[in-house]
Amino acid sequence: MTAPKIDLNADLGESFGSWTLGDDDALLDVITSANVACGFHAGDPTVLRRTCQRAAERGVVIGAQVGYRDLAGFGRRFMDIEADDLTNDVLYQLGALEAFAKVAGTRVRYVKPHGALYNAIVHHEAQAEAVAEAVRRYDPTLPVLGLPGSVWLAVAEGAGLTPVPEAFADRAYTPEGTLVSRREPDAVLHEPAAVAERTVRMATHHEVVASDGSLVPVRAGSVCVHGDSPGAVAMATAVRRGLEEAGVVVAPFVGGVPA
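**Notes on the environment of Glu-133**
Right, so step 1: Tracing the backbone through its elements, the reader meets Glu-133 in helix H5 (residues 125-138).
Right, so step 2: In this structure Glu-133 comes out as partly exposed when scored by relative accessible area, which is 24%.
Right, so step 3: Along the sequence, Glu-133 and Val-90 sit 43 residues apart, while their C-alpha atoms lie 9.3 Å from each other.
Right, so step 4: A polar contact of 2.5 Å, which involves the side chain of Glu-133, links it to the side chain of Arg-137.

Structure (structure tokens):
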């Protein structure tokens, strides 16, 4: 029997100027893919270049985490934006991060929307189409991460892109399989052992216990641990250890870093 395999990703490059968020260096020793901010919801040029360089040095795959132009709100506020503007904003972000990845000797290997944009395109078809159009025009070989069953992944597949369903280690799920809003209590989970246990269950049994106690099917090629959560490094370490002890192969979903 073939051992189950899953990618472990985290959001990095979200510091800005003298303000530091998360421990990117420590997370890069644990994860296999890095969703690097592109300067619109977080990150500045120096942060993004450093993050890409250190990811490349560790053999961690770089993905572009594109979001709304919302530094003040950390990209977690929905924005009613025209489709052409959203497409161009995503193209701008892809180009910016690609420059830093190239200087680091690698390249952007996938795309993951961030925050409010990620959640909006679970159902918002026009915005999903706008993001897919940007990726298609930039590089249609780039896989895209998203919530299983979302409009976004369906639209991406229809546009000729490769959709990769994603699960969340440290976020609570609704009975419908979506993420519990961060405005709700217990939306973000903080206990490493419990998070590791539920991640192993997702990777091996393809299910997660929802907020109401029901079981929700989850099939994912990648699982996310949020880099901005308190104790994120301990959480990611526990998740990776739990997966490997359960016989799950932890490896990038895109097949590694190109030479």
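More follows now that the structure is in view.
**Some remarks on the packing of helix H3 (residues 83-103) against H5**
Right, so step 1: The geometry of H3 relative to H5 is characterised by a closest axis approach of 8 Å and an angle of 40 degrees between their N-to-C directions. Relative to H5, H3 is oriented oblique. Relative to H5, the crossing made by H3 is right-handed. Residues Ala-83, Leu-86, Thr-87, Val-90, Leu-91, Leu-94, Gly-95 and Glu-98 of H3 touch H5, and the partners they reach there are Gln-127, Ala-130, Val-131, Glu-133, Ala-134, Val-135 and Tyr-138.
Right, so step 2: Looking at the contact of H3 with H5, its residues break down into 10 nonpolar, three polar and two charged.

**Considering the pattern of salt bridges**
Right, so step 1: Throughout the structure, instances matching the rule amount to 10 salt bridges.
Right, so step 2: A salt bridge links Asp-89 to Arg-69; the shortest N-O distance between them is 2.9 Å. With Asp-89 in helix H3 and Arg-69 in the loop between strand S3 (61-66) and H3, this residue pair connects regions lying 20 residues apart in the sequence.
Right, so step 3: Since its relative accessible area comes to 11%, Asp-89 is described here as buried.
Right, so step 4: Each of Asp-11, Lys-112 and Glu-166 takes part in salt bridges that share partners, so that together they form one network.

**A look at the nonpolar core**
Right, so step 1: If you look at the biggest cluster of nonpolar residues, it comprises 75 residues, and the most contacted ones within it are Leu-8, Ile-31, Leu-97, Val-144, Trp-152, Val-239 and Leu-243.
Right, so step 2: Ranked by residues supplied to this core, first place goes to H5 with six residues.
Right, so step 3: Those residues within four positions of Leu-243 in sequence are excluded, and the remaining contacts are Ile-6, Thr-199, Val-200, Ala-203, Val-248 and Val-250.
Right, so step 4: Ranked by size, the runner-up nonpolar core spans five residues in total, among them Val-61, Tyr-110, Val-164 and Val-254.

**Remarks on the packing of aromatic side chains**
Right, so step 1: Evaluated as defined, the whole model comprises four aromatic pairs.
Right, so step 2: A centroid spacing of 5.1 Å and a plane angle of 65 degrees characterise the contact between Tyr-110 and Phe-253, whose relative ring orientation is edge-to-face. One end of the pair, Tyr-110, is in strand S4 (residues 108-113); the other, Phe-253, is in the segment after strand S10 (249-250), with 143 residues separating them in the sequence.
Right, so step 3: Look at Tyr-110 and you get buried, because its relative accessible area is 0%.

**Notes on the side chain of Asp-89**
Right, so step 1: A polar side-chain atom of Asp-89 sits 2.9 Å from a polar atom in the side chain of Arg-69.
Right, so step 2: If sequence neighbours within four positions are ignored, Asp-89 has contacts with Phe-40, Arg-69 and Ile-81.

**Thoughts on a nonpolar patch on the surface**
Right, so step 1: The grouping of Phe-16, Trp-19 and Leu-71 at the surface amounts to a nonpolar patch, some 310 Å² of accessible area in total.
Right, so step 2: For Leu-71, the position within the fold is in the loop between S3 and H3.
Right, so step 3: Its relative accessible area of 42% is what places Leu-71 among the partly exposed residues.

The rules we used
- Residues numbered from 1 in each chain as written.
- Predicted model: local features only at pLDDT ≥ 70, side-chain atom pairs only at ≥ 80, totals over all residues.
- Heavy atoms only, no water.
- Helix = DSSP H or I, 4+ residues; strand = E, 2+ residues; numbered from the N terminus.
- Buried < 20%, exposed > 50% of the residue type's maximum accessible area, 1.4 Å probe, protein only.
- Polar contact = N/O pair within 3.5 Å; in protein donor to acceptor, adjacent residues only side chain to side chain.
- Axes fitted to C-alpha atoms, helices over the stretch in contact; angles between N-to-C directions.
- Parallel < 35°, antiparallel > 145°, perpendicular 65-115°, else oblique.
- Left-handed = near helix turned anticlockwise from the far one by under 90°.
- Contact = heavy atoms within 4.5 Å.
- Nonpolar A, V, L, I, M, F, W, Y, C, P; charged D, E, K, R; others polar.
- Salt bridge = Lys/Arg side-chain N within 4 Å of Asp/Glu carboxyl O.
- Core = buried A, V, L, I, M, F, W, Y, C linked by side-chain atoms within 4.5 Å.
- Phe/Tyr/Trp six-rings, centres within 6.5 Å; stacked < 30°, edge-to-face > 60°.
- Patch = residues over 30% accessible without salt bridge, like charges linked within 9 Å, V, L, I, M, F, W, Y side chains within 5 Å.
- Areas by Shrake-Rupley, 256 points an atom, 1.4 Å probe, with all protein chains shown as cover.

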